[in-house]
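Residue strings, one per chain:
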Amino acid sequence: MIAPAIVLLAFVWLPMTAWLVVVVAGVVAWALPGRVRILRVIFMAGLYLLWDALALVWMLGLWVISGFGWKVNSPWFQRQHYALAGTMLRSLFRAAKWTLRLDIDTEQWDVDAVAVGRPLIVVSRHAGPGDSFIIVESLINRFQREPAIVLKDTLQWDPAVDVLLNRVPTRFVAPRRSRKRGAPGGALSIASMASELEAEDALLIFPEGANATPGRRAKRIAQLRAAGREALAERAESMPHVMPPHPGGVLAAIEACPEAAVMVVAHTGLERLSTVADVWRELPVDKKITLKGWTALPEEIPAGRDAREAWLYDWWERVDDWIDDHQPEPLEPRRVRAGRGTHAGGGEHG
């Protein structure tokens, strides 16, 4: 019901004058100095509406030529949907870069330098809006990978995202309290996807589960203590920029696809954009978003659940240290954090 409404809203209900306002807002926001927040918002909202509608029409065409859905899940049509995703994300980022004054630097991670011909498990921190889009765009357009993605189920409220990701390997994970009875948990879903990875595929996981905020971080540390995981809670407290990772999904993916390389991704530049109010205050965000990746090959991953959980925390400490060294604007003096174990081994690749 929502998807047709989006198309109608974009192409029928909105008069041409409204689109003229959107175009003018974009030109003025680009040309004038200063924030001009409302013009930037009008342009990006109109652009995103058109972007969503075009994607829906494109996918309707793919559905028709697939035999009205008969072959829409076949490999050829999946490749067409990945090509659509790459094209749409590239165009969206081009507009966002000059409207919001964003600089996205992905040169510090290179998947194909160490993982040629291997499936890849990408394990990323989660902070700020759009980090999943940035990583997916790079995987598709820069590395020619076909990403399988684990995302929160609320993203299905966006019709284009809903239709597209339900036609490629994706798992929408619901909180335990709202999960349907008998539905598989997140770790089982992730293991199922990982077991089907091929050489050109990548599985994207955000083990923090949600954007990192001080409140969520404190709650997660308290949960570790309540579960008797005092050592992990102390390690988590020494990492102020990230939340303690949920290891279940990552470890399930590694076990289900033992031949895969694991890439751990850190990024900085979006930390202060957790809420709608934060985004409004920062417009234009005028930030440089930098991504950094480290890769561990299968032989560098320890055996056993406890050892792998500690290994994941080692990587998260490395991510936290890197973020501390690459803050776009220092929010507080750098602290020397004691009590850290040895950083994750191997992994000086790419």
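Residues numbered from 1 in each chain as written. Predicted model: local features only at pLDDT ≥ 70, side-chain atom pairs only at ≥ 80, totals over all residues. Heavy atoms only, no water.

Draft legend 1. Up close: the overall build of the protein. Helices and strands together make up the secondary structure of the protein, namely 12 helices and 7 strands. A total of 350 residues make up the protein; the buried ones form 49% of that total. If you take every contact in the protein between residues at least 6 apart in sequence, the share linking residues at least 24 apart comes to 78%. Here the protein displays about 17,200 Å² of accessible surface, and carbon together with sulfur accounts for 61% of that area. (Helix = DSSP H or I, 4+ residues; strand = E, 2+ residues; numbered from the N terminus. Buried < 20%, exposed > 50% of the residue type's maximum accessible area, 1.4 Å probe, protein only. Contact = heavy atoms within 4.5 Å. Areas by Shrake-Rupley, 256 points an atom, 1.4 Å probe, with all protein chains shown as cover.)

Draft legend 2. Here's a closer look at the environment of Glu299. With respect to the secondary-structure elements, Glu299 resides in the loop between strand E7 (287-296) and helix H12 (305-325). Sequence spacing of Glu299 and Ala261 is 38 residues, and the spatial spacing of their C-alpha atoms is 9.1 Å.

Draft legend 3. Up close: the environment of Thr154. Note that Thr154 resides in the loop between strand E3 (146-152) and helix H6 (159-165). Distance from Thr154 to Phe172, taken between C-alpha atoms, is 8.2 Å for residues 18 residues apart in sequence.

Draft legend 4. Local environment of the nonpolar core. In terms of nonpolar packing, the biggest core is built from 49 residues, with Trp109, Val111, Leu120, Val122, Ile135, Leu139 and Leu165 touching the most fellow members. Those residues in contact with Val122 that lie beyond four places of it in its chain are Ile135, Leu139, Ala202, Leu203, Leu204, Ile205, Met263 and Val265. In terms of nonpolar packing, the next biggest core, distinct from the first, is built from 36 residues, Val150, Ile301, Tyr313 and Trp322 among them. (Core = buried A, V, L, I, M, F, W, Y, C linked by side-chain atoms within 4.5 Å.)

Draft legend 5. Up close: the sheet that holds strand E6 (residues 261-268). Taken together, the 7 strands give an open sheet; going across it, the order is E1-E7-E6-E2-E5-E3-E4, and neighbouring strands pair in mixed fashion. In this open sheet, the two strands that pair with only one neighbour each are strand E1 (102-108) and strand E4 (170-173). For this sheet, the mean inter-axis angle between neighbouring strands, taken without regard to orientation, is 20°. Bridge count for E6 against E7 is 7 bridges, and the pairing is antiparallel. Counterpart to Val265 in the pairing with E7 is Gly293. Sheet strands touched by H12: E1, strand E2 (120-124), E6 and E7. Its angle to E6, the strand with the most contacts, is close to 30°. (Pairing = 2+ DSSP bridges. Axes fitted to C-alpha atoms, helices over the stretch in contact; angles between N-to-C directions.)

Draft legend 6. Quick peek at the packing of aromatic side chains. Enumeration according to the criterion identifies 6 aromatic pairs in this entry. Residues Trp63 and Phe68 carry aromatic rings whose centres are separated by 5.5 Å and whose planes lie at 85° to one another, so their mutual orientation is edge-to-face. Assessed through its relative accessible area of 33%, Trp63 is described here as partly exposed. Considering the side-chain rings of Trp294 and Trp322, the 6.5 Å spacing of their centres and the 90° angle between planes classify their relative orientation as edge-to-face. Here Trp322 lies in helix H12 and Trp294 lies in strand E7, a separation of 28 residues in the sequence. One exposure class covers both Trp294 and Trp322, and it is buried. (Phe/Tyr/Trp six-rings, centres within 6.5 Å; stacked < 30°, edge-to-face > 60°.)

Draft legend 7. The pattern of salt bridges, seen in detail. In this structure the tally under the stated criterion is 5 salt bridges. Its salt-bridge partner being Glu230, residue Arg225 comes within 3.0 Å of it at the nearest N-O pair. Its relative accessible area of 35% is what places Glu230 among the partly exposed residues. Residues Asp314 and Arg235 are paired through a salt bridge, measuring 2.5 Å at the closest nitrogen-oxygen approach. In this pair, Asp314 is assigned in helix H12 and Arg235 in helix H9 (residues 230-237), connecting sequence segments 79 residues apart. With respect to burial, Asp314 and Arg235 carry one shared label: buried. Overlapping salt bridges bring together Arg225, Glu230 and Glu237 as one network. (Salt bridge = Lys/Arg side-chain N within 4 Å of Asp/Glu carboxyl O.)

Draft legend 8. Just unusual backbone geometry, in detail. Phi at Phe68 takes a positive value of approximately 55°, unusual for a residue other than glycine. Among the residues examined, Phe68 registers a relative accessible area of 56% and is labelled exposed. A positive phi angle, close to 55°, is found at Gln144, a residue other than glycine. With respect to the helices and strands, Gln144 occurs in the loop between helix H5 (131-141) and E3. On the basis of relative accessible area, Gln144 is assigned to the exposed category, the value being 52%.

Draft legend 9. Representation of helix H7 (residues 186-194). Along H7, the residues that are buried comprise Gly186, Ser189, Ile190, Met193 and Ala194. Looking straight down H7, one finds that the buried residues subtend no more than 135° of arc, so they occupy a single side. Considering only its buried residues, H7 is in contact with E3, E4, strand E5 (201-205) and helix H10 (247-256). (Arc of directions from axis to C-beta.)

Draft legend 10. Region of interest: the side chain of Arg217. Residue placement: Arg217 occurs in helix H8 (residues 214-226). Buried and unpaired, Arg217 has no salt bridge, with Glu237 as the nearest side chain of opposite charge at 6.7 Å. (Lys, Arg positive; Asp, Glu negative; His and termini not counted.)

Draft legend 11. Just the packing of H10 against H12, in detail. Running from N to C, H10 and H12 point in directions that differ by 120°, and their axes come no closer than 10 Å. Seen along the crossing, H10 lies across H12 with a hand that is right-handed. Where H10 abuts H12, its residues Pro247, Gly248, Val250, Leu251, Ile254 and Glu255 lie against Arg305, Arg308, Glu309, Trp311 and Leu312. The class makeup of the residues in the contact of H10 with H12 is 6 nonpolar, 1 polar and 4 charged. (Left-handed = near helix turned anticlockwise from the far one by under 90°. Nonpolar A, V, L, I, M, F, W, Y, C, P; charged D, E, K, R; others polar.)

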